[in-house]
Each structure stands twice: as structure tokens, then as C-alpha cells.
Amino acid sequence: MSIAANTSSDTMEHLSVLTAFTAFGLGFIVLWAIRRRVCKSSFRNIPGPAPASWWKCLLRNVHQLNGRHGAEQWFKQLAETYGLLTTIAAPFGRTWLHVYDPKALYAITIKDQDVWGKSMQNFNKLLIVPGLLTTEGAQHRKQRKMLTPVFSTAYLRNVTPLFYETAHKLRDAMQAELRDGPQGVDVLRWMGRAALELVGQGLLGCSFDPLVEDIEDSFGESVKASCEIPEYWIWPPASGALNSLAILRLTAVPFIGLGPAWFRRKIVDALPIDRVQRMKGIVDTMHRHSVEIMDEKRRATRCGNEEQLAHIGDGKDVMTVLLRANMMADAKEKLSDDELVAQISTFILAGMDTTSNAASRILHILAEKPAVQDKLRREVLEAQYDGEILFDRLMELPYLDAVCRETLRLYVSIAECANRHSPVRLLNRCALQDTVLPLQEPIRGKDGTLISQVTVPKGTFAILNLWASNTNKALWGEDAYEWKPERWFAPLPRAIEEARVPGVYSHLMSFRGGGRSCIGFKYAQLELKVILSVLLSNFGFELTEKPICWNHAGVMYPTAGKESRRPEMPMRVSQL
């Protein structure tokens, strides 16, 4: 009787929560219908593709943004056909802007950055609260001010031996796998494991994966699962592959800030979607372990227990450095306990993707271009001493630097699905107030007139196509779509200098620009160069008979052919 009563009570509670959520949703749909007329009047003269989805009442162009194989080509055609600014048909009859005009990018990311908020902010606050990725305004500036010195050149020079320690463990583990000679290896798997351990050692001061042996770690498994979320859900069956969480984010953003935290939690608990519940479990596990890590570090720091702080990486990890800096800061500058805990999840999401995906992409390219692989290996071996390269020398190696820059220019592989601080293909921003977007190059309206600025109503979403900016032929030349590391040895085209692209890195938007640029982009570069230098000096990489196909997702990932959905990158690896 008690069990039945409890079950009935839980069911009624879930129904009441869903009813309330539905009522709020219908109210917002009405408001959207009203605002739709405003947006249409503002953008009626701006060209753009017609919605191609038969499910026009909801998805419109969104399925083209999320297709596993077609999205990359669709964005390329969008940029080539419609130019630096165009419209996109969005869910619920809304109109979004697609932008890569340099002056417009400057306005959104630097000049008017407080006018343009992160469009997925409320959704991300359910996952990471309140870290650098999710805060806005004064709170974001305070956190960034505290964190910026942590990623200084002096710190990176100090942490380089820690990176080599992890890279050498990766080398030893791969050598053990190849003890019987050259064979097929899933390189992506090893890059992912190494990236996870680099996050643990360098950012958090703990070990997730010793690499030389397989162990179970609940926190590590949750971290891996959070970064493996680009699994796909066919919905509806005829519309192609769509990321279930991506669709939920796109359609549910206005509802997510409703009510207090306990109400939102009950809504999530009541949602009958397996992947939402899976993500909830991952977030809960990561938060619980983050609190445990922070409590342990705080106790050690307050008690002056240097031996405990130095247990991993001689106390050089980012969180230890941050805690010490926070203790010495003025009261008004200090970060709260919640903010400190939130940085752990922030660092995890920020640190996983660059090393694993960029290193995998570079190794794929080098396997396709053996002469380039040999040339890069010679440069690395000449600079090495006792299996390592000193920080300053490593960062200055010209060919290694050119290979990394060119790969990050052409293959920025991450959309801002999780708002990671890593190389980014697309950014989403939302106008927090009515504003005007200036254009460097006027566009031609549907009526034939030239448009040099666009009036943008409050609530408008803008998709910033950073890949299109990095491959703009008007700036980079006719070979902009080609992978040519040699372009970095000559002066860049004058058009690039004059365009004043607002990127924080090499006239590229890969690491964004302005107050929300990637705070750890030099850290990411160092990770990438250390891993590549160790691998190339010890192994050779070749293609196998299995084709490698890169799939569009929140994080672009390789599979063995287009039909496969399993993330992997099989290569023939041999010891040198």
C-alpha cells in the first residue's frame, strides 16, 4: 500500500511539473509568435536559404546545422553563396543571423561584447555553475582577472616537465601495445586517454588514468562520458542524424531559466529522455568529485600541508595555484566556494578536446603526407635532449608551429556545443538588447540595395562562423581551403592585416577574441606540441585500408568510414 501510494504520488508530482512546464512553454511560444513579426521586419531584406526541412514548424534549417556528414558542407555553401552575413530559418519561426564579416565579429566579440550574451547560457548553468564558461558581466570579469595570471608564460614554463611526464607514460603504453611489431592502433583512444590525464595532472592535480594500466575511476569515467556526448539520435527518422541534446538546447533555451533551481531540477527529473537522465547522472558525479577535490586542496592549503599539495605535479597544477592566489586576494576580488568548484568542471570541458582532437587530426594529416611527417620528425629530433625539448625551444620550432597553426586554421574542429575553451568552429550569441551590427563589406539586399549595417532586435541569435573567417578567400587567398603550413613562413597577405580580424591567435578566430577569448590557448598549444614531439620521435604513423571520416558534432570526431558511428581512428603505428 505504501509503495503504491508513493508511486502514485511520484507520478502526480511528475505530471504537475510537466504540466507547469508545458504551460510556460505555450506562453513563450505565443511571445515568440509576436516577436517573429519584429524579426521578420528587421531582416526581410537580408538574403538567406529557405528552410529545407519538411518539419518546418520546428526545425527549419536546424537539421542542416547538425547533420553528421552534411553540416560542414552546408555551412561552406552558405558562406560561399550568401557572403559575410545572411539569415537562417530557425525553430519556432525565428530568424537567426549567420556572420563572419570581420567588423561584425569585432562588434560582437569586443566592442559590444556585453550586448551579445552566450545564447546557451541558461542551459549551461544547469551543467556548470557558476564557472568561467557560464558567468556574464562583472562576475565573468572577476573570474577572468583571477585566472589570467595562472596561465602566464612563467607558469607554462614551470609545468612543461609535468606534461612530458604524461607524454612519456603515453609513449611507454603505446610501446607495450606494439611489442610484437607494427600493428593497427586506435590513435583516437590513446589521444583521449592522454588528454584526460593531462587535464587531471596539469589542471586539477589528480590522476584519472595512469595510461600504462587500465583502472576504473568514477570521476574519470564521468569526464570521458561528458566528452563522448556527440552520439546521435535519429529524430525524426527521415530527417537525418541529429544530436538529441543539441536539439533540446536549441528548442528549450527560453524555458530553462524558469523558476528556482529546485523547480528546474524537478523538470529535469521528470523528463522521460534517457540521454537527459544520463547527462544528469554525469553532472551529479562530476560535481560531487569536484567538491571533494576542492575540499581536499582547501584543507591542505589552509594547513600549509605542502607535502599533500605536492603529491601530484609538485603542487604546480592550475587549481592549486588558483587557490593560493585566491587566499591572498582582497575580499572583493575573492572567488566564492561555488565559483572555485565550478572551475573544475570548466577546466575539464575546456581541456579535453584540444589535445585529443587536434593531435588526432594532425597525425591523420601526417599519415596522408609522409614527406611532411619525416620533415617534422627531423626538426623535433634535432631539438631534443634526453627525450625532451626545453619550453622556449619547443614553442619556437618553426615547422612544428606552422603545422599546428595551419591545422587550427583549417580544421577548427569544435562547435560551441559545450562552450569549451578550445579551437572553435561556430559560436552562438544572443542580442541582450536592441543594437546595430556594422559591416566591413556591404551586402546586397534582396531588393538590390547595399546594406552597410543591420538593425538587430533584442533576442536575436547570431551564429558566428569562425571557420569561414579563417578560410575567407578575400583575406587568405584562393588557396584558403588548402592545408599549407608553408604559408606561415612568408608574410601573411596584407588583406588579413587590414581586416583586423578580432582573433586572439594569429589573425584566426579559432580561439575567439575579446573578453571571452580562450584564456588557456597557450596552455592548449603547449599540450599539443609536447604530445606531438614525443610521439613523432618514437613512432611512425601510416593509413590503413579503413578510410577515416570526420563527423560534424559538438566535437568533430573520426570514424572508420561514413557508416560507422563509433569514434575511432585506426592507423598503422610502428616503433622507430
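Focus: the overall build of the chain
A count of helical and extended segments in the chain gives 23 helices and 14 strands. For the chain, the residues scored as buried account for 57% of the 576 residues in total. Here the analysis covers contacts within the chain between residues at least 6 apart in sequence; of these, 73% occur between residues at least 24 apart. Total accessible area on the chain stands at roughly 24,400 Å², and carbon and sulfur atoms take up 54% of it.

Some words on the sheet that holds strand β14 (residues 570-575)
Across the sheet, three strands lie side by side as β4-β14-β11; this open sheet has antiparallel pairing. The sheet terminates laterally at β4 (183-186) and β11 (539-542), the two strands that pair on one side only. The mean inter-strand angle of the sheet, taken between neighbouring strand axes irrespective of direction, is 45 degrees. In the packing of helix α23 (residues 521-538) onto the sheet, the strands contacted are β11 and β14, and the crossing angle to β11 comes to about 90 degrees.

Quick word on the side chain of serine 356
Mapping serine 356 onto the fold places it in helix α16 (residues 353-368). Reaching out from serine 356, the side chain makes a polar contact with the side chain of asparagine 357 at a distance of 3.3 Å. In contact with serine 356, other than residues within four places in its own chain, are Leu188, Met191, Gly192 and Ala195.

Observations regarding the confidence of the model for the chain
Across the chain, the average pLDDT comes to 79, with 74% of residues at 70 or higher. Low pLDDT, under 50, characterises residues 229-244; the stretch is placed with 48 contacts to residues that sit more than four places away or in other chains. Contacts for the low-pLDDT stretch residues 414-423, under 50 throughout, to residues beyond four places or in other chains number 58 contacts.

A few points about the packing of aromatic side chains
Evaluated as defined, the whole model comprises eleven aromatic pairs. Residues phenylalanine 163 and tyrosine 523 carry aromatic rings whose centres are separated by 5.1 Å and whose planes lie at 85 degrees to one another, so their mutual orientation is edge-to-face. Placement of the pair is phenylalanine 163 in helix α7 (residues 153-177) and tyrosine 523 in helix α23, with a sequence separation of 360 residues. An identical accessibility class is assigned to phenylalanine 163 and tyrosine 523; each is buried. Their ring planes at 40 degrees and their centres at 5.7 Å tell us that phenylalanine 511 and phenylalanine 521 sit as a pair that is tilted. One end of the pair, phenylalanine 511, is in the loop between α22 (494-499) and α23; the other, phenylalanine 521, is in helix α23, and ten residues separate them in sequence. Both residues of the pair, phenylalanine 511 and phenylalanine 521, belong to the buried class. Put simply, the rings of Phe151, Phe163 and Tyr523 pair up and form one aromatic cluster. Its guanidinium or amino end placed over the ring of tryptophan 488, arginine 405 lies 5.7 Å from that ring's centre, counting from NZ or CZ. The ring of tryptophan 476 has arginine 409 sitting right over it, with the charged end atom 5.5 Å from the ring centre.

Topic: helix α6 (residues 137-147)
All buried positions along α6 are accounted for by His140, Gln143, Arg144, Met146 and Leu147. Around the axis of α6, the buried residues are gathered within 160 degrees of arc, so they sit on the same side. Exposed positions of α6 whose direction lies more than 90 degrees from the buried face are Ala138 and Lys145.

Thoughts on the side chain of serine 537
With respect to the helices, strands and loops of the structure, serine 537 is situated in helix α23. Within polar-contact distance, the side chain of serine 537 engages the backbone oxygen of valine 534 at 3.0 Å. If sequence neighbours within four positions are ignored, serine 537 has contacts with Val380, Leu381, Gln384 and Leu576.

A closer look at the nonpolar core
Ranked by size, the top nonpolar core spans 131 residues in total, and within it Leu204, Leu363, Leu437 and Phe541 carry the most contacts. Tallying contributions element by element places α23 first for this core, with eleven residues. The residues contacting leucine 437, other than those within four sequence positions of it, are Leu85, Leu97, Val99, Ala104, Ala107, Ile108, Trp116, Gln453, Val454 and Val456. Listed in part, the ten residues of the second largest apolar core include Phe75, Leu78, Ala90 and Cys430.

Re the sheet that holds strand β3 (residues 116-118)
Sheets are built from strands that pair by backbone hydrogen bonding, the pairs being arranged parallel or antiparallel. Taking strand neighbours across the sheet as the criterion, the five strands line up as β1-β2-β10-β7-β3 in an open arrangement whose pairing is mixed. Taken across any chain shown, the strands that pair with only one partner, and hence form the sheet edges, are β1 (85-89) and β3. Taking the axes of each pair of neighbouring strands and ignoring which way they run, one obtains an average angle of 35 degrees across the sheet. Where strand β2 (residues 95-99) lies against strand β10 (residues 461-465), three bridges are found, and the strand directions are parallel.

Looking at helix α19 (residues 398-410)
Structurally, the α-helix is built with 3.6 residues per turn, so residues lying three or four positions apart point the same way. Along its 13 residues, α19 runs 18 Å from first to last C-alpha, staying within 8% of the 18 Å computed at 1.5 Å per residue. By the burial criterion, the buried members of α19 are Tyr399, Leu400, Asp401, Ala402, Val403, Cys404, Glu406, Thr407, Leu408, Arg409 and Leu410.

Some details on the packing of helix α8 (residues 187-204) against α23
Taken N-terminus to C-terminus, the directions of α8 and α23 make an angle of 130 degrees; their axes are 12 Å apart at the nearest point. Overall, the two elements α8 and α23 adopt an arrangement that is oblique. Here α8 and α23 pass one another in a crossing that is right-handed. Taken together, the residues of α23 that come into contact with α8 (itself represented by Met191, Ala194, Leu198, Gly202 and Leu203) are Tyr523, Glu527, Ile531 and Leu535. Taken together, the residues of the contact of α8 with α23 sort by class into seven nonpolar, one polar and one charged.

Scoring rules and cut-offs
- Residues numbered from 1 in each chain as written.
- Predicted model: local features only at pLDDT ≥ 70, side-chain atom pairs only at ≥ 80, totals over all residues.
- Heavy atoms only, no water.
- Helix = DSSP H or I, 4+ residues; strand = E, 2+ residues; numbered from the N terminus.
- Buried < 20%, exposed > 50% of the residue type's maximum accessible area, 1.4 Å probe, protein only.
- Contact = heavy atoms within 4.5 Å.
- Areas by Shrake-Rupley, 256 points an atom, 1.4 Å probe, with all protein chains shown as cover.
- Pairing = 2+ DSSP bridges.
- Axes fitted to C-alpha atoms, helices over the stretch in contact; angles between N-to-C directions.
- Polar contact = N/O pair within 3.5 Å; in protein donor to acceptor, adjacent residues only side chain to side chain.
- pLDDT = per-residue confidence, 0-100.
- Phe/Tyr/Trp six-rings, centres within 6.5 Å; stacked < 30°, edge-to-face > 60°.
- Lys NZ or Arg CZ within 6 Å of the ring centre and 35° of its normal.
- Arc of directions from axis to C-beta.
- Core = buried A, V, L, I, M, F, W, Y, C linked by side-chain atoms within 4.5 Å.
- Expected span 1.5 Å × (residues − 1).
- Parallel < 35°, antiparallel > 145°, perpendicular 65-115°, else oblique.
- Left-handed = near helix turned anticlockwise from the far one by under 90°.
- Nonpolar A, V, L, I, M, F, W, Y, C, P; charged D, E, K, R; others polar.

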